[in-house]
Amino acid sequence: MPADDFLMEEHLDAAVGNILQAVISRPELYERLRPPQTRIVKSKGTDYKAFTVRTGGKAVIRMGGATYRVLNALTSTAATYFVADERGKRPSAYWPAARNRLASAIDCYASPLRSASVRPIEISPRQATAATSFAQYAYRFVICHELAHVALDHTFGAGADPDNVDSLRASQDEELSADAFALRLQLGSLPHPDLIVTALSAPVYFIFLLRAFDDFRLALMGELVDHEQWSIEYSHPPYLHRIFNLMREATALVGDDAGEGLGAVQGALEELVQKVWSAALESRDKVAAKATELLADPKLTDAAELTELLTKSPIGVLQALDANPQWHLPAWPFHATVPTELTTFLELSPAGRARSIA
Ligand SMILES: [Zn+2]
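Everything quoted here is computed from the prediction, not taken from an experiment. Here the residue index of a chain counts from 1 through its sequence in written order. In keeping with the model being predicted, local features are shown solely for residues with a pLDDT of at least 70 and side-chain atom pairs are shown and tallied solely at 80 or more, while totals for entire chains, interfaces and linings include all residues. Only hydrogens and water are removed before side-chain values are computed, so all heavy atoms of the structure are retained for them.

Asker: I keep staring at the overall build of the protein and nothing clicks. Help me out?
Answerer: Helix and strand definitions follow DSSP, with helices as H or I runs of at least four residues and strands as E runs of at least two, each counted in order from the N terminus. Counting its secondary structure elements, the protein contains 14 helices and three strands. Along the three orthogonal principal directions, the C-alpha set of the protein runs to about 70 × 55 × 30 Å. The 358 residues of the protein split such that 51% are buried. Long-range contacts, defined as pairs at least 24 residues apart, comprise 72% of the intrachain contacts of the protein with a sequence gap of at least 6. Carbon and sulfur atoms provide 54% of the accessible area of the protein, an area that totals close to 16,600 Å². In summary, the charge assignment counts Lys and Arg as positive and Asp and Glu as negative, without counting His or the chain termini. Working definition for charges: the position is that of NZ of Lys, CZ of Arg, CG of Asp or CD of Glu. Within the protein, the 44 negative side-chain charges are centred at a point lying 3 Å from the centre of the 34 positive side-chain charges. Per-residue accessibility, obtained with a 1.4 Å probe over protein chains only, is compared with the maximum for each type, and a residue is labelled buried under 20%, exposed over 50%, and partly exposed between these values. The contact criterion used is simple: two residues touch if any of their non-hydrogen atoms lie within 4.5 Å. Here the Shrake-Rupley method, with its probe set to 1.4 Å, supplies the accessible areas, and only the displayed protein chains count as covering residues.

Asker: What am I meant to see in the packing of aromatic side chains here?
Answerer: Aromatic ring pairs: the centre-centre distance and the angle between the two ring planes describe each pair. Geometry of aromatic contacts follows a simple scheme: Phe, Tyr and Trp rings, the Trp one being its six-membered ring, pair when their centres are within 6.5 Å, and the pair is stacked under 30 degrees between planes, edge-to-face over 60, tilted otherwise. In this structure the tally under the stated criterion is twelve aromatic pairs. Aromatic pair Y48 and Y109: ring centres 5.2 Å apart, planes at 80°, arrangement edge-to-face. One end of the pair, Y48, is in the loop between β1 (38–42) and β2 (51–55); the other, Y109, is in helix α4 (residues 95–110), and 61 residues separate them in sequence. The class of Y109 is buried, set by a relative accessible area of 15%. Relative to F213, the ring of Y48 lies with its centre 5.3 Å away and its plane at 55°, an arrangement referred to as tilted. Here the residue Y48 occupies a position in the loop between β1 and β2, and F213 occupies one in helix α7 (residues 196–214), the gap between them amounting to 165 residues. With a relative accessible area of 10%, Y48 lands in the buried category. Members of the aromatic cluster, joined through ring pairs, are Y48, Y109 and F213.

Asker: What should I look at first to understand the sheet that holds strand β3 (residues 58–63) in this one?
Answerer: Each strand in a sheet pairs with another by means of backbone hydrogen bonds, the pair being arranged parallel or else antiparallel. Ordered by their spatial adjacency, three strands build an open sheet running β1-β3-β2, and the pairing between neighbours is mixed. Both outer strands of the open sheet, β1 and β2, are each paired with one neighbouring strand and no more. Across the sheet, the mean angle from the axis of one strand to that of its neighbour is 25°, orientation sign disregarded. A pair of strands is considered paired only if DSSP assigns at least 2 bridges between the two. Sheet topology note: the β1/β3 ladder contains five bridges and is parallel. Residue pairing in the sheet places I40 in a bridge with I61 of β3. What counts as an axis is a line fitted to C-alpha atoms, over the stretch in contact for a helix, and the angles between N-to-C directions run from 0 to 180 degrees. Across the sheet, helix α1 (residues 12–19) touches β1 and β3, and the angle it forms with β1 is around 135°.

Asker: Would you explain empty space enclosed by the protein in this entry?
Answerer: By rolling a water-sized probe across the atoms, one finds the places where empty space is left. A cavity here means a set of 1 Å grid points, computed over protein atoms only, where a 1.4 Å probe fits but cannot escape. A pocket is an open set with protein on both sides within 12 Å along at least 5 of 7 lines, and lining residues have an atom within 4 Å of a point. Grid points are joined across faces, edges and corners, and a volume is the space filled by probe spheres set on the points. One pass over the full model with this rule turns up one cavity of 30 Å³ or more. By volume, the largest cavity is sized at about 60 Å³. Together, R101, S104, A105, C108, S117, V118, R119 and T311 line the largest cavity. Among the elements that make up the lining of the largest cavity, the one with the highest residue count is α4 (four residues). Residues were grouped as follows: Ala, Val, Leu, Ile, Met, Phe, Trp, Tyr, Cys and Pro as nonpolar; Asp, Glu, Lys and Arg as charged; and all remaining residues, including Gly, as polar. Partitioning the lining of the largest cavity into residue classes produces three nonpolar, three polar and two charged.

Asker: Looking at this structure, how should I read the coordination of the zinc ion?
Answerer: Ideal coordination angles are 109.5 degrees for a metal with four donors arranged tetrahedrally and 90 or 180 degrees for a metal with six donors arranged octahedrally. Coordination of the zinc ion by the protein is provided by H145 (NE2), H149 (NE2) and E175 (OE), with metal-donor distances spanning 2.0 to 2.2 Å. Note that water is not among the atoms used; donors are N, O and S atoms within 2.8 Å of the metal (3.2 Å for Na, K and Ca), so sites may look incomplete. For the zinc ion, the single-chain donor residues occur in sequence as H-x3-H-x25-E. One end of the pair is H145 and the other is H149, both in helix α5 (residues 125–151) and four residues apart, which spans about a single turn. Exposure remark for H145: the relative accessible area of 2% places this residue in the buried category.

Asker: Looking at this structure, I do not really get α4. What am I missing?
Answerer: Counted at 1.5 Å a residue, the expected span for α4 with its 16 residues is 22 Å, and the 22 Å between its end C-alpha atoms agrees. Residues of α4 that are buried make contact with α3 (67–82), α7, α8 (217–221), α10 (256–296), α11 (304–312) and α12 (314–322). To estimate the expected span of a helix, count its residues, drop one, and scale the result by 1.5 Å.

Asker: Honestly, the packing of α10 against α12 in this entry has me stumped. Any pointers?
Answerer: Two quantities define a packed helix pair, namely the angle between the axes and the distance from one axis to the other. Viewed as axis vectors pointing N to C, α10 and α12 meet at an angle of 45°, and their least axial separation amounts to 7 Å. Taken as axis vectors, α10 and α12 run oblique relative to one another. Considering how the two elements wind past one another, α10 and α12 form a crossing that is right-handed. Residues R284, D285, V287, A288, A291, T292 and L295 of α10 pack against I315, G316, V317, Q319, A320 and L321 of α12. Angles below 35 degrees are treated as roughly parallel, those above 145 as roughly antiparallel, those between 65 and 115 as roughly perpendicular, and all remaining angles as oblique. A crossing counts as left-handed when the near helix is turned anticlockwise from the far one by less than a right angle, and as right-handed when that turn is clockwise.

Asker: I tried to follow the layout of surface pockets on my own but got confused; where do I start?
Answerer: In this structure, the second largest pocket spans a volume of roughly 430 Å³. Lining the second largest pocket are 20 residues, with N100, S283, K286, V287 and K312 positioned closest to its centre. At the level of elements, α4, α10 and α11 are the ones that each hand at least two residues to the lining of the second largest pocket. At nine residues, α10 tops the list of elements feeding residues into the lining of the second largest pocket.

What follows is the structure, encoded as structure tokens:
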């Protein structure tokens, strides 16, 4: 295991070099997955998705600027729930605040904000050890997944046409086979056999990151958009397909215990994500009510409280503004406090809003 302060996202080429040990006996594939044929970069934005672009026989894997940070927020929150604190309490004393921070991050990423963010999550040192290794290996799995797309010569179904069943199916099949191949890369290149449990369960964290952030967007934005016009990203298969597919692969590679272990991690994370989602809805509605009350006060001059509410739940603030059109006119004193992409969003029809963030 790399030292605790070694962050894979700052050493992407080294991480790929390490993963490719799994295919060193296949020189043609090995060469195809490393520079100059395949390069890996990290985006400068705050996106958490990774993807691969192919041009002229070469591939570039683009890791999201916040992929690691967002994974770490999920594994840290999970650690505050599942790992006892110094006083032996579980969920630990850090859990409520961690849950609320993660809920805010989900709200922020679901909103039309251009640069969403995750605020730091406070945890105990023991929890941090667990959270960091799961986040690192989940991140490593994301790299393996993108390398797998290149290795398997996938056509990159990200552009799948949501109205064409065949193209959807093909792109979902590509995702499942990339996950299976990625697990082989991950397990075939471990620096130490003791890491197998972490390396096996980390992919489940990655799939739950997508579940936690992507599958709840409509629930959070539901009062602001036209559901009929909401077309979610269908190129990735539903999360349970991905989990079952990984369980099957883990069983084939390592044995029944491995498959069952993955199943246990999935059950635990499902419980956790449901709690975080409830907190997100509750916080959104509280923020909406608070913002309505705050902004109705004619004596209000300081924007600090509004800014704080925007950090907690931009969607809650949007709901308050949406119900009070007088608050998004340029003459409104707090117009400049609300990011432009939010005020622009409010000017659209519910159908236009759904399309704008699809
Ligand atoms: Zn993929």
